[in-house]
Amino acid sequence: MLSPKKPRYRKQMKQVRHLRGTETRGCELAFGDYGLRTLDEGWITARQIEASRIAIARYVKRGGKVWIRIFPDKPLTIKPAETRMGSGKGSPEHWVAEVRAGRVLFEMTGVPPKVAQEALKRAAAKLPVRSKVVMRSDFLV
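It should be emphasised that the depicted structure is a prediction, and the values quoted were computed from it without experimental measurement. (Residues numbered from 1 in each chain as written. Predicted model: local features only at pLDDT ≥ 70, side-chain atom pairs only at ≥ 80, totals over all residues. Heavy atoms only, no water.)

Trainee: It is not clear to me how helix α2 (residues 113-124) should be interpreted in this structure. Could you clarify?
Mentor: Since the α-helix packs 3.6 residues into each turn, any two residues three or four apart lie on the same face. With twelve residues, α2 should cover 16 Å at 1.5 Å per step; its first-to-last C-alpha distance of 16 Å lies within 8% of that length. Here α2 has its buried residues at Ala116, Ala119, Leu120, Ala123 and Ala124. Buried positions in α2, seen along its axis, are confined to an arc of 140° and lie on one side of it. With respect to the buried face of α2, the exposed residues turned more than 90 degrees away are Lys114 and Lys121. Elements that come into contact with the buried residues of α2 comprise β1 (34-38), α1 (46-59), β6 (104-109) and β7 (131-135). (Helix = DSSP H or I, 4+ residues; strand = E, 2+ residues; numbered from the N terminus. Expected span 1.5 Å × (residues − 1). Buried < 20%, exposed > 50% of the residue type's maximum accessible area, 1.4 Å probe, protein only. Arc of directions from axis to C-beta. Contact = heavy atoms within 4.5 Å.)

This is the structure in structure tokens:
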């Protein structure tokens, strides 16, 4: 699964409120011909990213090329069960990627349009945010 090799800080604050609004960077297709774009904001864990990647790879039978455009670089900490109050912050449990609405999560190329759309729809089913499939032709004006 994805996680940073050497994080600068082991623990971070949650800061949920700053995710509001739409994304200004990473909104257009940069590498592939098809992409999966979010419609909501939220946290996507490394496990969910990996599950989506596997769903895409299985459906296209290892054909084409896939780019993952997000990286989980925020640690979420959890205190052990049945621990008394106090005694500091818990240890890092898993990593999440913060995404805003409009961010392209996955891109792919080298497969027919129907196959790409179905593969990205299956990947979207693994994610906790609403998303839609976009094509390069949508961006041409």
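Okay, back to it.
Trainee: I would appreciate a short explanation of the packing of aromatic side chains in the present structure.
Mentor: Aromatic ring pairs are defined here through the distance separating the ring centres and the angle between the ring planes. Tallying each qualifying case throughout the model produces one aromatic pair. Both rings, one in Phe31 and one in Trp67, keep their centres 5.6 Å apart while their planes meet at 20°; by these two values the pair is stacked. Taken together, the residues span a long stretch of sequence, with Phe31 in the segment before β1 and Trp67 in strand β3 (residues 65-68) at a distance of 36 residues. (Phe/Tyr/Trp six-rings, centres within 6.5 Å; stacked < 30°, edge-to-face > 60°.)

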